[in-house]
Structures are given as structure tokens and as C-alpha cells.
Amino acid sequence: MARLNVAVLVTSLATLAQRATSDLPVHCLRHQVEGEWNFVLGEASSKRSSCGHAHPDTEDDAQPSRDVMRNGTSRLIELRSPNLVRTKEGQRGTWTMVYDEGFEVKVGDHTFFAFSNFTFQRDAVTHEKKNFSHCGDTMVGWFHNLDRTEFGCYFATKVQPEAPVPLPASKSAASRSAQDKTMTHTAMTQKVARLNARLNMLQLGWKAGVVRKWIGKTVREINGYAGIRRLAPARELHRDMMLQATAGRRHSRPSFLQRSRPAALPSSWDWSNATDGTDWLEPVMDQSDCGSCYAASTMRMLSTRHKIRQNNASVLPWSINMPLFCGEYNQGCKGGYPFLMSKWSSDVGLVPATCMRYDTAGTCKLECDLDKLEGKRYRADNYRYVGSFYGNASTEAIMEELYHNGPMVVSFEPAEDFMYYSDGVYKSEGLHNQTEKPEWEKVDHAVLLVGYGEDNGTPYWRIQNSWGPDWGEDGFFRMLRGKDESGIESIAVAADVVEDPHNGRHVKDFFDSLEQKNKKKTA
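First things first, this report covers the structure right here in the doc. Keep in mind that what you see is a predicted model, and the values were worked out from it rather than measured.

Basis of the calculations
- Residues numbered from 1 in each chain as written.
- Predicted model: local features only at pLDDT ≥ 70, side-chain atom pairs only at ≥ 80, totals over all residues.
- Heavy atoms only, no water.
- Buried < 20%, exposed > 50% of the residue type's maximum accessible area, 1.4 Å probe, protein only.
- Helix = DSSP H or I, 4+ residues; strand = E, 2+ residues; numbered from the N terminus.
- Pairing = 2+ DSSP bridges.
- Disulfide = S-S within 2.5 Å.
- Salt bridge = Lys/Arg side-chain N within 4 Å of Asp/Glu carboxyl O.
- Contact = heavy atoms within 4.5 Å.
- Axes fitted to C-alpha atoms, helices over the stretch in contact; angles between N-to-C directions.
- Parallel < 35°, antiparallel > 145°, perpendicular 65-115°, else oblique.
- Left-handed = near helix turned anticlockwise from the far one by under 90°.
- Nonpolar A, V, L, I, M, F, W, Y, C, P; charged D, E, K, R; others polar.
- Core = buried A, V, L, I, M, F, W, Y, C linked by side-chain atoms within 4.5 Å.

1. Here's the deal with the pairing of strand β8 (residues 141–145)
Extensive coverage of β8 is indicated by the burial of 5 of its 5 residues. Neither face of β8 is exposed, since Gly141, Phe143 and Asn145 on one face and Trp142 and His144 on the opposite face are all buried. Relative to strand β9 (residues 151–158), β8 is paired through 4 bridges, and the arrangement is antiparallel. Bridging from a neighbouring strand, His144 pairs with Phe151 of β9. In this structure, the hairpin formed by β8 and β9 is closed by a connection of 5 residues, where Arg148 is found at a positive phi of approximately 55°.

2. Here's the deal with unusual backbone geometry
The linkage connecting His55 with the following residue, Pro56, adopts the cis geometry, with an omega of -10°. Here Pro56 is to be found in the loop between β1 (35–41) and β2 (73–80). Residue Pro82 follows Ser81 across a cis peptide bond; omega there is -5°. For Asn382, which is not glycine, the phi dihedral falls at a positive 55°. Along the chain, Asn382 falls in strand β13 (residues 378–385).

3. Focus on the pairing of strand β16 (residues 445–455)
With respect to burial, β16 is a largely interior element, 9 of its 11 residues being buried. Examined bridge by bridge, strand β12 (residues 269–270) and β16 share 2 bridges and lie antiparallel to one another. Paired with Asp270 across the two strands is Gly451, which belongs to β16. Strand direction decides the pairing type here: β16 and strand β17 (residues 458–464), joined by 7 bridges, are antiparallel. When the sheet's bridge partners are listed, Leu449 is paired in β17 with Ile463. Counted along the chain from β16 to the antiparallel partner β17, the turn is 2 residues long, and its residue Asn456 has a positive phi close to 50°.

4. Details of the state of the cysteines
Applying the stated criterion across every chain, the model contains 5 disulfides. The disulfide bridge from Cys28 ends at Cys135, spanning 2.1 Å between sulfur atoms. Around the S-S axis, the bridge from Cys28 to Cys135 shows a dihedral of about -90° and counts as left-handed. Within this pair, whereas Cys28 is found in the loop between α1 (7–13) and α2 (30–33), its partner Cys135 is found in strand β7 (residues 129–138), the two being separated by 107 residues in sequence. Each member of the pair Cys28 and Cys135 is classed as buried. Covalently, Cys290 is tied to Cys333 through a disulfide, its sulfur atoms 2.0 Å apart. Disulfide Cys290 to Cys333: torsion about the S-S bond roughly -95°, handedness left-handed. A residue pair is termed long-range when its members are at least 10 positions apart, and Cys290 in the loop between β12 and α7 (293–310) and Cys333 in the loop between α8 (321–326) and α9 (338–347) qualify at 43 residues. According to the relative accessible area criterion, Cys290 is buried, its value standing at 1%. Classification of Cys333 as partly exposed rests on a relative accessible area of 25%. Cysteine pairing for the chain, with bonded cysteines counted in sequence order: 1-3, 2-4, 5-7, 6-9, 8-10.

5. Some remarks on the pattern of salt bridges
Tallied over the entire structure, the rule returns 29 salt bridges. Across the pair Arg148 and Asp500 runs a salt bridge whose closest N-O atoms are separated by 2.6 Å. Pair noted here: Arg148 is in the loop between β8 and β9 and Asp500 is in the loop between β19 (492–499) and α11 (505–522), with a separation of 352 residues, a long-range link. What you see here is one network of salt bridges that share partners, running through Arg305, Arg384, Glu401 and Asp496.

6. Section: the environment of Val443
Among the structural elements, Val443 can be located in the loop between β15 (421–426) and β16. Judged by its relative accessible area of 9%, Val443 is buried. As for Val443 and Ser490, which are separated by 47 residues in sequence, their C-alpha atoms are 8.7 Å apart. Each residue touching Val443, except ones within four places of it in the same chain, is listed here: Tyr99, Ser411, Phe412, Glu413, Gly487, Ser490 and Ile491.

7. What about the packing of α7 against α9?
Look at α7 against α9: their axes get within 9 Å of each other, and the N-to-C directions meet at 55°. Here α7 is positioned oblique relative to α9, judged by the angle of their axes. α7 and α9 meet at a crossing whose hand is right-handed. Listed contacts from α9 to Tyr294, Ala295, Thr298, Met299, Met301 and Leu302 of α7 are Pro338, Met341, Ser342 and Ser345. Broken down by class, the residue content of the contact of α7 with α9 amounts to 7 nonpolar, 3 polar and no charged.

8. Quick word on the nonpolar core
In this structure, Phe39, Val105, Trp214, Met408, Tyr420 and Phe511 are the most contacted members of the largest nonpolar core, which totals 127 residues. With 7 residues, the top contributor of residues to this core is α7. Sequence-distant contacts of Val105, that is, excluding residues within four places in its chain, are made with Phe39, Ile77, Leu79, Val85, Thr94, Trp95, His110, Thr111 and Phe112.

Next up, the structure:
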């Protein structure tokens, strides 16, 4: 890699590094990211760095400056459709969008990830604050080599710039006021009665019910259970953004599925009642007033897969709170993404739930002595989108991954009626059959896919939610399979658990570094 001074580049981009005042208000699609990029790498170290980001990295925190890489090393990397990478030196690799938030590149011996850039600008006339996505630039991100012995920070800029793209305006004051109305028992009972009458008329095949935990809460608080709730209307977010459909594209299969397997999958499968009757799942949890669905579902996936691999259903689960409140790739209770939750658990490592129990008011603080942990240490590995890259999932690939490797995380966009689901196979009123898959689908809520089957000829997914055992079918729900209902088949995330060859060193380094930062703040 050739070394050059990038002072001019850093100065010209400095204004793009300002942090927004909401949860990562950036929307970038694959066709906007494809092309040749200049990656500017900072100095590598044997210890992983937060690269200036907070833990978790909320919108209230200042975005790290690119000045730390003023004399960085430059690499030209070309990102090709749909997921191929090529460098000037002839190296080949792969890449994927991480939803619409950023992108990850794997080429040569290194992995790179950064969020796409965004800024706020004031309208000269109305003085309203508008958000712009800068899809040709990244925030400060992270890189490391394959065996996690070399870590560093970087940022990237597209060689052919992308014009800033404004996000739609926020909801009106009247709409925001409606979000703050409290749900009473009477109002909910009436709402559920009207909803069931409509469901019966449309013969959608499921029922709504009174959800006691919603009584006394505002609509905004109820929506908080469903993960990231973007203010911009979905119709506006989609408009002019779905420019690259996958017409004629064939779903590729991930390399880990290219193996000898049965000619046909079983007609039904459920990890809560596997072939020998074992329930491999963790009990249904209640995420409470924290938008932690992405963390809960990801760590439940890793916990269950670890049990299956160890052939021991009583193995301790992994801590949800550690990546939730310590990770720099997410925004804590304000939202995040299962792919990045798995990535952080790969880059840093895993600890048992007893080291940091689930607490919505928690902080990044251990409840155990790492030096006294018994047994082997573990980390996530081979985190991936089913289908090899975002946007390439299929019903068949999801079923194969589920059956062969264990539960996985799927995400969807809950309609309002879903919040009152009671039993049956859920179908939304606005179900549509897509002949072509868009390059991006809006989703907000992450859940754990545990099985599949049929009910009177209707194929379904069986899914564990994180809204407590008194919601739905004892904390679970079934959703129509094979039609990408509510986007459920658009973004499936899988990961494995392996023994950590560094024996938990990166977890210890992380907390040692955090302790040093805290001492400096109080000094």
C-alpha cells in the first residue's frame, strides 16, 4: 500500500463528520455505493480500538474526527455488483451493504466496516433542519486482519462523488401528538374488537387479542418494542430509491451450504422440539422499555447455536447487555442491527450472561472477574447474511440454514395490527406478491426464527418474540412463509460460535481500555 498525505482530503470532508441528533438517519443503497473507493487506513495495532466512538454509539455523542488518519495509507478498492471486490493489486473479495446504514468489505487478509456518512443542514428559508445522506463517504470505521492480531481505523471516499440525498421530513406535530396518547383498557378492547371483525371479514386466518402490557402505555412506548421506528413515511423512503431490482438474478448459495445434504428438507422443523424432543431455546424474555430486539434476538441465536454445537441444552447463555451497552456498532436501547451485533461479538468476543445480566438501565460494566472465568472462552464467527450478502436471501436458503445450523435472526416491519396478535398464522392486510425483489426493504423489528411448518395448508415460520410469554402464542408467533410477508424474508442473519484462539484477550483489552478512559475523565 502506497503512503500519502491526505490532509487536504481530510479537511474537505471535515464538515461531513458531524453527528446527527437522531438514530443514524442515513439511507444508502447498493447502487449508490458501488464503484471505486479510496480507503484511508490509520496505523494498525495489536489491540482493537473504539476508533473514537462511544459505547454504545448514540446520536448524542460526537463523531470521531478523521484527523487521526491525516497521514494514513491509501488503498483503491472497487465494489462491483452484486457483491464482488477488486483492488488495483489484483486482489479479489466480497462486500455487502449492512441494511442501508453502511457496508462491509472483505478483501485479501482484511475486513473493513464503516457507517455511511450523514449531516444536518438548515434550510435557508424555513430554517428547518434537514438530514442528508452522503453515500459516497463513510464515517470513521474499523478494520482488522483475519486472525484478529492487527486492528485499525479508517475512512473511505468514493472516487466519483455521490450527490447528497435528503431524507424525508419528520412527522407533523399533530402526528407526533397522536403518538403520545395513552392506551386505556376500554380503548384497547374496542380496537381489538374492530380488528377481529375486519380479520374475519378478510379471512386472514389469525386473531387479535388484548395485550395487557400495552395498557397505560403511549403509542410511542408501544412502538418502542418494535425496534427502530423511523419517522419518515415508508412510502417516501422507498420512492426513487428502489432503482436496482434483481430481475433475472438467481439466488446464490452461501459457501457453507455447498455440501452434501438430504435431497429434501423435512416438511416441518422446530428447535424447541427437535428430533429427540429437546428444547434448545432460551425462555421467552421481555425486552421491556428498551429497543433491544436486535441484541436479544442475536444473542439468543448465538446462545442456542452454541448449545446445539456443544450438544448440551443447559449451557449458560451469552450476555445480551455486554454488546448492547458496550458495542460501538450499535445505539443501545435506541436501536441497532443483528449483523453488526454478531460482528462485534466476533471482533471482541462473548461472555456468559452472569457477567452482565439483562437490565434496560444497564451500563457497560462487568459483574464478574474475567480472570476467574472457568472453562474455554468463545467468540462469534462467520457472521453472515443468508444468501451471502444483504438482499439475496430466499425462502429455501433460510429453511436450509435453519435446519442445518440452528435458529437465526430475521427482521420485519410490524404493521399496527401485529402489536395485538394473539394466535394463528399472521398475514398483513396489505400483502403483495413481488415478482422482483427490491434492493432494500424497510424493517424495524428483529426476532428469532426457530422453526417452520404448515397449518391447514398454509406454510408458516415459527418465531420467538421478545415481548414476554404473555404475548401471542406464549411469546411466539407464526407468520406466512414464502411470500416475504412484512419483509420477513428480506434480511436473515446467521452466525456461529467458536472457541476463541486468543482466550478472551480482546474482551479483557476492551474493558482495560474502557477503565483507562474512565480514569482520565475523572482525573
